[in-house]
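Listed here are the chains, written in short residue letters.
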Amino acid sequence: IPARNGKFTYYYATETGYGLAAGTELTLKGSLKSGLRWRVGYTYTVTPDHSGIKYNQLYSYVDYSNSTPRHVVIASIGDTWGPWEADLQARWQSAYRDFVAPDQENLLHYSIGAYATVNARLAYRLNDNATVAFTVDQLNAASQRETGGPNVQRQFMLSLTSGF
């Protein structure tokens, strides 16, 4: 519902109905005594819309039926040899719709195309309770559009994990 406050128009929600999410996830995984491990997964999600909102209007801030990717595929492979571990993961998801705020007065629909990411991890087990690891997220692209916000940048992380 539009409301005016001086020179600015802002919008607020009243009852917008409801959204539902339903789907399925299938995963296959395995490992060998040698230390090799693998995993493949597929997720299908549908989000039917029960809001009654007309999405062709620019001020519609909710889009239940298109705001979640329908398909996600994740595949990974890893190996352990002695104290060392190495893992590689790829993730693909289908297109979806997000929102972007180009300025303080507007919120617009923004289509996010299908995209993939590839991540890698190399770790060294210091002892039974501590592991140090180096991880790179998004090996395949230094910068990538994944949301209506700023592009997601490649990330490098060094971690120390301890358990007891």
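Scroll up to find the structure.
Attention in this report is confined to the structure presented alongside it. (Residues numbered from 1 in each chain as written. Predicted model: local features only at pLDDT ≥ 70, side-chain atom pairs only at ≥ 80, totals over all residues. Heavy atoms only, no water.)

1. Here's the deal with the packing of aromatic side chains
Quick reminder of the rule: Ring pairs are drawn from Phe, Tyr and Trp, using the six-membered ring of Trp, whenever the two centres fall within 6.5 Å, and their geometry is named by plane angle: stacked under 30 degrees, edge-to-face over 60, tilted for the rest. Per the convention used, a helix needs a DSSP run of H or I reaching at least four residues, while a strand needs a run of E reaching at least two, with both numbered from the N terminus. Note on classification: 1.4 Å probe, protein chains only; a residue is buried when its accessible area is under 20% of the maximum for its type, exposed when over 50%, partly exposed between these limits.
Across all of its chains, the model carries two aromatic pairs by this definition. Ring centres 6.3 Å apart and planes at 20 degrees place the aromatic pair Phe134 and Phe156 in the stacked group. Taken together, the residues Phe134 in strand 12 (residues 130-137) and Phe156 in strand 15 (residues 155-162) connect sequence positions 22 residues apart. With a relative accessible area of 54%, Phe156 lands in the exposed category.

2. So, the pattern of salt bridges
For clarity, the threshold we go by: Take a side-chain nitrogen of Lys or Arg and a carboxyl oxygen of Asp or Glu: if they are within 4 Å of each other, that pair is a salt bridge.
Here the structure, examined in full by the defined rule, presents three salt bridges. We note a salt bridge from Asp87 to Arg37, for which the minimum N-O separation is 2.9 Å. Placement of Asp87 in strand 8 (residues 84-93) and of Arg37 in strand 5 (residues 37-46) is noted, with a sequence separation of 50 residues between them. Residue Asp87 is joined to Arg121 by a salt bridge in which the shortest nitrogen-to-oxygen separation is 3.1 Å. Of the two residues, Asp87 is situated in strand 8 and Arg121 in strand 11 (residues 115-127); the sequence distance between them amounts to 34 residues. Note on Asp87: relative accessible area 24%, which makes it partly exposed.

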